[in-house]
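Now for the letters of each chain:
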Amino acid sequence: MQLSDQNQYTIQGIAPAQLVEQFGSPLYVYDGQTIRRKAAALQKAFSGVNMKIKFACKSNTNLAVLRLMREIGVELDVVSPGELEMGKLAGYQANQITFTPSGVPFYEVKEAVEAGAIVNVDSLPLLEWFGQTFGNTKPCLIRIKPNVAAGGHAKIMTAHADSKFGISVLLLDQILEIVKKYDIKIIGLHQHTGSDIKDAEPFLKVADILFETAKHFPDLEIVDLGGGFKVSYMPGDAITDMELLGNKITARFKKFCSEYGRELQLWFEPGKFLVSESGNLLVTTTVVKEDPARNFVHVDSGLNHLIRPMMYGSYHHILNTSNPTGEEKPYNVVGYICETDTFASDRHLPEVRQGDILAFLNAGAYGFTMSSNYNARFRPAEVLVDNGEARLVRRRETLEDLLLTQQGL
Ligand SMILES: Cc1ncc(COP(=O)(O)O)c(C=O)c1O
Ligand SMILES: N[C@@H](CCCC[NH3+])C(=O)O
């Protein structure tokens with residue numbers, strides 16, 4: 001969202017009010033230019049090595065976003081058969097898609113492998129089954145749990161000892177035994193530490209663990225360091241310094257490759273870094289309630305559309321796009337769901353009036369994809385603004401959509 005000299009917020013020159021008038025409210029709006037800029041920054045930071053980006057599409061599966069990713073040379077990481085199908089619909093070849101499951105039924109892995117995707121094996125039983133089923137005929141990666149705790153919230157840390165994800169690095173002997181028993185073709189090691197990681201330190205720590213572990217696997221082509229780069233949710237928030245991280249990881253990766261004896265590919269799987277800042281959730285103020293204790297701003301949305309504040313206590317910056325120069329007042333911004341769904345407490349906003357359009361920033365990742373139909377509410381429409389043009393890329397739901405799977409109507 002840009003603020004013009006005339007104090008008007010716009011997305012590539014288009015006013016939020018115009019978007020809401022054309023496409024309705026609430027509305028997810030993605031700025032394609034921001035996605036391109038973020039991908040380019042990551043590509044630049046790692047230009048010294050053979051790096052591939054695998055977009056973690058659990059953060060945003062809109063087909064228009066996936067197609068944009070494909071167009072700019074970004075490949076895909078998926079976690080379910082549904083995401084795999086969406087990747088294919090967006091035009092990806094199956095071999096450009098990595099499947100990183102977490103304790104899924106083995107038939108899902110079989111189908112993904114048979115479709116041509118590459119799997120990150122995340123447990124010893126799955127590794128054993130993979131060996132029995134495919135022997136050395138299909139390549140795979142192994143997801144290692146490095147036992148390192150990092151991330152912006154306990155719920156989004158995925159590599160500490162207590163986390164369910166991956167195979168503990170302490171089980172290396174057992175991994176090697178199974179690999180040897182079935183002659184499994186291990187072409188890569190993978191790890192994902194968590195989400196919202198600012199400092200270079202945890203990335204370097206897990207990289208070193210993975211590089212050390214990699215020495216036990218002679219046929220590697222890939223080291224996959226996952227995603228997790230921090231974005232700026234709060235104005236002034238420190239974010240991952242991509243240039244610094246790029247320099248540091250590049251140096252260590254080059255050293256590792258020369259010790260390993262071959263140049264490998266370095267993969268990353270960012271979700272947030274690529275799409276979070278591109279997304280705004282536009283909502284309309286339904287009621288302003290001046291309570292003796294607090295001023296409440298109710299909007300036509302709730303935790304059904306953006307669950308991050310209630311799930312992780314996440315901060316999303318809010319703009320009053322209808323009254324940018326109004327006098328600031330403190331508000332609790334809340335939803336219309338019959339459940340506590342506070343988006344922001346004691347937030348200072350330019351005076352909010354009924355009908356004002358608010359923008360929740362940084363809603364491009366884990367916004368729509370984590371939305372629901374709680375309270376039989378429809379999910380918002382989605383719009384992609386690219387090359388100065390706004391295009392509807394998902395229509396708003398209707399009652400028919402909600403009733404589609406119910407029987408006995
Ligand atoms: C395996 C894996 N890769 C990548 C990601 C993307 O994380 P982020 O959106 O923080 O970059 C996740 C989500 O946490 C994940 O579980
Ligand atoms: N859904 C989380 C990040 C990804 C967690 C999944 N590993 C968030 O909104 O911050």
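Residues numbered from 1 in each chain as written. Chains lettered and ligands numbered in written order. Predicted model: local features only at pLDDT ≥ 70, side-chain atom pairs only at ≥ 80, totals over all residues.

J.: Help me get a handle on the UniProt feature "domain: Orn/DAP/Arg decarboxylase 2 N-terminal" (unreviewed entry) in the protein, residues and values and all.
T.: UniProt records the feature "domain: Orn/DAP/Arg decarboxylase 2 N-terminal" (unreviewed entry) for residues 34-276 in the present numbering. The span residues 34-276 shows a helical share of 41% and a strand share of 16%, and its end C-alpha atoms are spaced 9 Å apart. (UniProt positions renumbered as here; feature names shortened; annotations may be inferred. Helix = DSSP H or I, 4+ residues; strand = E, 2+ residues; numbered from the N terminus.)

J.: An account of the pairing of strand β14 (residues 295-299) is requested, with residue identities and associated values reported.
T.: As defined by bridge partners, strand β13 (residues 279-290) adjoins β14 across 5 bridges and the pair is classed as antiparallel. Directly across from Glu 290, in β14, lies its bridge partner Asn 295. As judged from the 3 bridges shared by β14 and strand β16 (residues 328-334), these two strands associate in the parallel manner. Residue pairing across strands places His 298 opposite Val 334, the latter belonging to β16. (Pairing = 2+ DSSP bridges.)

J.: Can you tell me about the environment of Ala 17, naming the residues and giving the values?
T.: Inspection of the secondary structure puts Ala 17 in helix α1 (residues 16-23). What makes Ala 17 partly exposed here is the crowd of 18 C-beta atoms within 10 Å. In the structure, Ala 17 is positioned 333 residues away from Pro 350 in sequence and 16 Å away in space, judged by C-alpha atoms. For Ala 17, the residues in contact, after removing those within four places along its chain, are Ser 322 and Ile 357. (Buried ≥ 20, exposed ≤ 12 C-beta atoms within 10 Å, placed from the backbone. Contact = placed C-beta atoms within 7 Å.)

J.: Could you give an account of the site of ligand 2, with specific residues and numbers?
T.: Residues in close proximity to ligand 2 include Ile 156, Thr 158, Ser 195, Arg 308, Tyr 312 and Tyr 366, which together make up its full environment. Looking at the shell around ligand 2 residue by residue, the class counts come to 3 nonpolar, 2 polar and 1 charged. Mapping the shell around ligand 2 onto the domain boundaries places at least three of its residues in each of domain 1 (2-30 + 278-403) and domain 2 (46-274). (Near = placed C-beta within 6 Å. Nonpolar A, V, L, I, M, F, W, Y, C, P; charged D, E, K, R; others polar. Domains from an automatic or database assignment.)

J.: Go over helix α7 (residues 172-182), please, and point to the residues and values.
T.: Taken as a whole, α7 has its buried residues at Ile 175, Ile 178 and Val 179. End-on view of α7: buried residues confined to an arc of 100°, all on one side of the axis. Of the exposed residues in α7, the ones pointing more than 90 degrees away from its buried face are Asp 173, Lys 180 and Lys 181. Each element contacted by the buried residues of α7 is listed here: α6 (124-134), β8 (139-145), β9 (167-168) and β10 (185-190). Of the residues one or two after α7, Asp 183 is the one with positive phi, at around 55°. (Arc of directions from axis to C-beta.)

J.: Explain the UniProt feature "binding site: pyridoxal 5'-phosphate" (unreviewed entry) in the protein residue by residue, including any values.
T.: On the UniProt side, "binding site: pyridoxal 5'-phosphate" (unreviewed entry) is annotated at positions that read Gly 228 and Tyr 366 here. Maximum C-alpha separation among the annotated residues is 12.8 Å over a sequence range of 139 residues, consistent with a single clustered spot. The topology assignment puts Gly 228 in the loop between β11 (222-224) and α9 (242-260). Among the residues examined, Gly 228 registers 30 C-beta atoms within 10 Å and is labelled buried.

J.: Quick one: what's the story with the pairing of β10, residue by residue and with numbers?
T.: Two faces make up the sheet, and in a regular strand the side chains alternate between them. By the bridge criterion, 5 bridges tie β8 to β10 in an arrangement that is parallel. Bridge pairing links Ile 142 to Leu 189 in β10. Pairing of β10 with β11, which is carried by 3 bridges, proceeds in the parallel orientation. Looking across to β11, one finds that His 190 is bridged to Asp 224. With helix α8 (residues 200-214) bridging β10 and its parallel neighbour β11, the resulting β-α-β unit is right-handed. (Right-handed = clockwise from strand over helix to strand, strands pointing away.)

J.: Break down the packing of helix α2 (residues 32-45) against α9 for me, citing the residues and quoting the values.
T.: Contact geometry of α2 with α9 gives a least axis separation of 8 Å together with a crossing angle of 30°. Taken together, the axis directions place α2 and α9 in an arrangement best described as roughly parallel. The hand of the α2/α9 crossing is right-handed. Packed against α2, whose contacting residues are Ala 41, Leu 42 and Ala 45, the element α9 presents Met 242, Glu 243, Leu 245 and Gly 246 at the interface. The residue inventory of the contact of α2 with α9, partitioned by class, reads 5 nonpolar, 1 polar and 1 charged. (Axes fitted to C-alpha atoms, helices over the stretch in contact; angles between N-to-C directions. Parallel < 35°, antiparallel > 145°, perpendicular 65-115°, else oblique. Left-handed = near helix turned anticlockwise from the far one by under 90°.)

J.: Describe the site of ligand 1, listing the residues and the values that go with them.
T.: If you check the shell around ligand 1, you find 17 residues, and the closest are Ala 56, His 192, Ser 195, Gly 227 and Gly 271. For the shell around ligand 1, the class distribution of residues is 5 nonpolar, 9 polar and 3 charged.

J.: Lay out the nonpolar core in plain terms, naming residues and giving numbers.
T.: One finds Leu 27, Val 29, Val 119, Ile 142, Leu 282 and Phe 360 to be the most contacted residues of the largest nonpolar core, which totals 103 residues. A total of 5 residues in this core trace back to one element, the largest contributor, which is α8. What Phe 360 contacts, discounting residues up to four positions off in sequence, is Asn 280, Leu 281, Val 283, Leu 306, His 316, Ile 318 and Phe 343. (Core = buried A, V, L, I, M, F, W, Y, C linked by C-beta atoms within 7 Å.)

J.: Break down the domain arrangement of the protein for me, with residues and values.
T.: Assigned domains within the protein: domain 1 (2-30 + 278-403) and domain 2 (46-274). When each unit is reduced to the centre of its C-alpha atoms, the spacing between domain 1 and domain 2 is 33 Å. Taken residue by residue, the interface counts 16 residues in domain 1 and 16 residues in domain 2. Where the side of domain 1 that touches domain 2 is concerned, the elements lending two or more residues are β19 (381-386) and β20 (389-394). A class-by-class count of the residues in the side of domain 1 that touches domain 2 yields 8 nonpolar, 6 polar and 2 charged.

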